[in-house]
Amino acid sequence: MDVIFANGDQVAAGIIYQLDKMQIKLPVIGQENLDYSFLMDFSTIDHKLSEIGEYAFWSLFEDKTVKKLIPSEFIARGALQERMQK
């Protein structure tokens, strides 16, 4: 299966726009899980940046350094989700 992996949802949206103009059907995966990945129905990876930022902020007030694993989440949508279900 061919897929395009973009370094962000904004880039993925631009790629999808160009692919549509060229009438090419190809799944695109973005990163960040921004609102328009849902609205444009393309797959994305949510790196939980808000949660990481919140944890980093509150860790400034701790006396010791604490490591915390915040896993990313792959969100399959659109053409890729359809191909995965076959």
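Look up a bit, the structure's there.
What you see is a predicted model; the values in this text were computed from it and never measured. (Residues numbered from 1 in each chain as written. Predicted model: local features only at pLDDT ≥ 70, side-chain atom pairs only at ≥ 80, totals over all residues. Heavy atoms only, no water.)

### Observations regarding the overall build of the protein chain
- On a plain count of helices and strands, the protein chain comes out with four helices and four strands.
- What you see in the protein chain, going N to C, is helices and strands ordered as β-α-β-α-β-α-β-α.
- For the protein chain, the spread of C-alpha atoms along the principal axes amounts to about 55 × 25 × 20 Å.
- Burial status across the protein chain gives 27% buried among its 86 residues.
- Within the protein chain, contacts between residues at least 6 apart in sequence are counted, and of these 53% link residues at least 24 apart.
- Carbon and sulfur atoms provide 56% of the accessible area of the protein chain, an area that totals close to 6600 Å².
- The averaged location of the 13 negative side-chain charges in the protein chain is 5 Å from the averaged location of its 9 positive side-chain charges. (Helix = DSSP H or I, 4+ residues; strand = E, 2+ residues; numbered from the N terminus. Buried < 20%, exposed > 50% of the residue type's maximum accessible area, 1.4 Å probe, protein only. Contact = heavy atoms within 4.5 Å. Areas by Shrake-Rupley, 256 points an atom, 1.4 Å probe, with all protein chains shown as cover. Lys, Arg positive; Asp, Glu negative; His and termini not counted. Charge placed at Lys NZ, Arg CZ, Asp CG, Glu CD.)

### A few points about the environment of Val11
- In this fold, Val11 is placed in helix 1 (residues 9–21).
- Taking the C-alpha atoms as reference points, Val11 and Gly30, separated by 19 residues in sequence, lie 7.4 Å from one another.

### As for the side chain of Arg77
- Here Arg77 shows up in the loop between strand 4 (73–75) and helix 4 (78–85).
- Asp41 is the oppositely charged side chain nearest to the buried, salt-bridge-free Arg77, at an N-O distance of 5.4 Å.
- For Arg77, the side chain forms a polar contact with the side chain of Ser37, separated by 3.0 Å.
- Setting aside anything within four residues of it in sequence, one finds Arg77 in contact with Asn33, Ser37, Phe38, Asp41, Phe42, Ser43 and Thr44. (Salt bridge = Lys/Arg side-chain N within 4 Å of Asp/Glu carboxyl O. Polar contact = N/O pair within 3.5 Å; in protein donor to acceptor, adjacent residues only side chain to side chain.)

The analysis is restricted to geometry; functional conclusions fall outside its scope.
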